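Below, each chain spelled out in residue letters.
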Number of protein chains: 2
Amino acid sequence: MNTDRSVESPHFPQVGHDHARCQSWILQRAEVRCRQEGMRFIPQRREVLEILATSHRSLGAYDILERMQARARRPPPAAVYRSLEFLLGLGLIHRMAGRNTYFACTRSDHDQQIQFWICRHCGMVGETESPVVAGEWQRLSDSLGFRVSSVNVEIEGECITCRNP
Amino acid sequence: MNTDRSVESPHFPQVGHDHARCQSWILQRAEVRCRQEGMRFIPQRREVLEILATSHRSLGAYDILERMQARARRPPPAAVYRSLEFLLGLGLIHRMAGRNTYFACTRSDHDQQIQFWICRHCGMVGETESPVVAGEWQRLSDSLGFRVSSVNVEIEGECITCRNP
DNA sequence: CAAATATTGATACATTATATCGTTTCACTT
DNA sequence: AAGTGAAACGATATAATGTATCAATATTTG
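Fair warning: this is a prediction, and the values are worked out from it, not measured in the lab.

A. Structural view of the relation of the copies chain B and chain A. Superposing chain B onto chain A takes a rotation of 180° combined with a translation of 0.0 Å along the rotation axis, leaving an RMSD of 0.1 Å. Taken together, the rotation and translation describe the operation of a two-fold axis. In terms of proximity to the rotation axis, the leading residue of chain B is B:Val153, whose C-alpha is 2.3 Å off the axis. Same-surface contact between copies: 100% of interface residues of chain B are shared with the interface of chain A.

Listed below in structure tokens is the structure:
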């Protein structure tokens, strides 16, 4: 497995990057993580992840269904949602709540303190991880007496590529 | 109009707080802001906001429809969505993307750098505003070359009241 | 192999949100 | 007060997203 994490160094996916490398990295990591967790990385789940990994854009469940239809035959919606739920559980994909879409995670570690940067123009999604922000959530939750279960940060705007055409 | 902002000082709504005061504050502010913007705070919009302001919990569009039905007559869904869109536009309510719900804003100022704290147990929603986090989004967006349009932060967990029953 | 477990396909349905369009209401002008 | 244009509404239909159920099939385990 490729472990050099080069996939994540440009925080926002660049135009000319070697995407084949991202794809194989995402899929190989999925295999490893499934094995670790004693879960089964069966074809339908793999296909959903493959489809998400074809780009750094997020896709809706029904977009995925259409691409599965184009590849082989269209499963019922519930099948896709089951695979998505599985992949979400392993942290291999994320859900963009603001758009009802899903996309393949490109980070190797999971501190739950990820932020998503979504370009409104091209649809690309980048991920960052900020210790400063994590510390601030800690401070705020302490002061509120709030026990945090999950944090979701979605930042929308225009990416550097779309700003400089 | 009540301008002492006491409504927002306990960042997470407390059990015994004077909610009648919150309600009237929310509605009065809506009137003021509509007048300022030259918009019309007509009955249907007012009713939607009133319903949201009855608690610090967020409600789904169809929850609001049911409560309107209980009050008078049930409008079509689009009517509620129109009012919600209007209120969102004026920043009088927020949308919880993770839950497809809406709730009445309880803050007097709008720096777009609000965080939502949602209790999974009682459904209460609190709001905070952190300059540290705002600064970090600035730093990160600069380093990514990303032009930010909107930031949505939803933190789920358990509030202090539900932790100490 | 048999039993237990996990996954699938098929069907139906639930929930959330939007499109369209003719009518009504409102604010403003005369 | 009546006319006028813009805004809002009601009614209807439908789109988009997501779940529930359950029998049938595949996979793992004993």
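Alright, that's what it looks like, and here's the rest.
B. View of the protein's contact with DNA strand D. The full set close to DNA strand D counts 14 residues, and A:Arg40, A:Tyr62, A:Arg95, B:Arg45 and B:Arg82 are the nearest of them. When the atoms of DNA strand D within 4 Å of the protein are sorted by group, sugar and phosphate make up 60%. Here a phosphate oxygen of DNA strand D and a side-chain polar atom of A:Tyr102 are 3.3 Å apart. B:Arg82 places a side-chain nitrogen or oxygen 2.9 Å from a base nitrogen of DNA strand D.

C. Region of interest: the protein's contact with DNA strand C. With respect to spatial proximity, 13 residues lie near DNA strand C, and among them A:Gln44, B:Arg40, B:Tyr62, B:Tyr81 and B:Arg95 are the closest. At the protein interface, 57% of the atoms of DNA strand C within 4 Å belong to sugar or phosphate. Here a phosphate oxygen of DNA strand C and a side-chain polar atom of B:Arg95 are 2.5 Å apart. At 3.2 Å, a side-chain N or O of B:Tyr102 approaches a phosphate oxygen of DNA strand C.

Thresholds applied
Every residue gets a number counted from 1 within its own chain, in the order that chain's sequence is written. The order in which chains are written sets their letters, starting at A; the order in which ligands are written sets their numbers, starting at 1. Totals for whole chains, interfaces and linings use all residues, but because this is a predicted model, local features are given only for residues with pLDDT of at least 70 and pairs of side-chain atoms are given and counted only at 80 or more. Only hydrogens and water are set aside when side-chain values are computed; all heavy atoms of the structure are taken into account. The copies were overlaid by least squares, fitting only the C-alpha atoms of residues that reach a pLDDT of 70 or more in each copy. Throughout, a residue-residue contact means that at least one pair of heavy atoms, one from each residue, lies within 4.5 Å. Any residue with at least one heavy atom within 4 Å of a molecule or strand is counted as near it. What qualifies as a polar contact is a pair of N or O atoms within 3.5 Å, subject to a donor-acceptor requirement within protein and to the restriction that residues adjacent in sequence count only when both atoms come from side chains.

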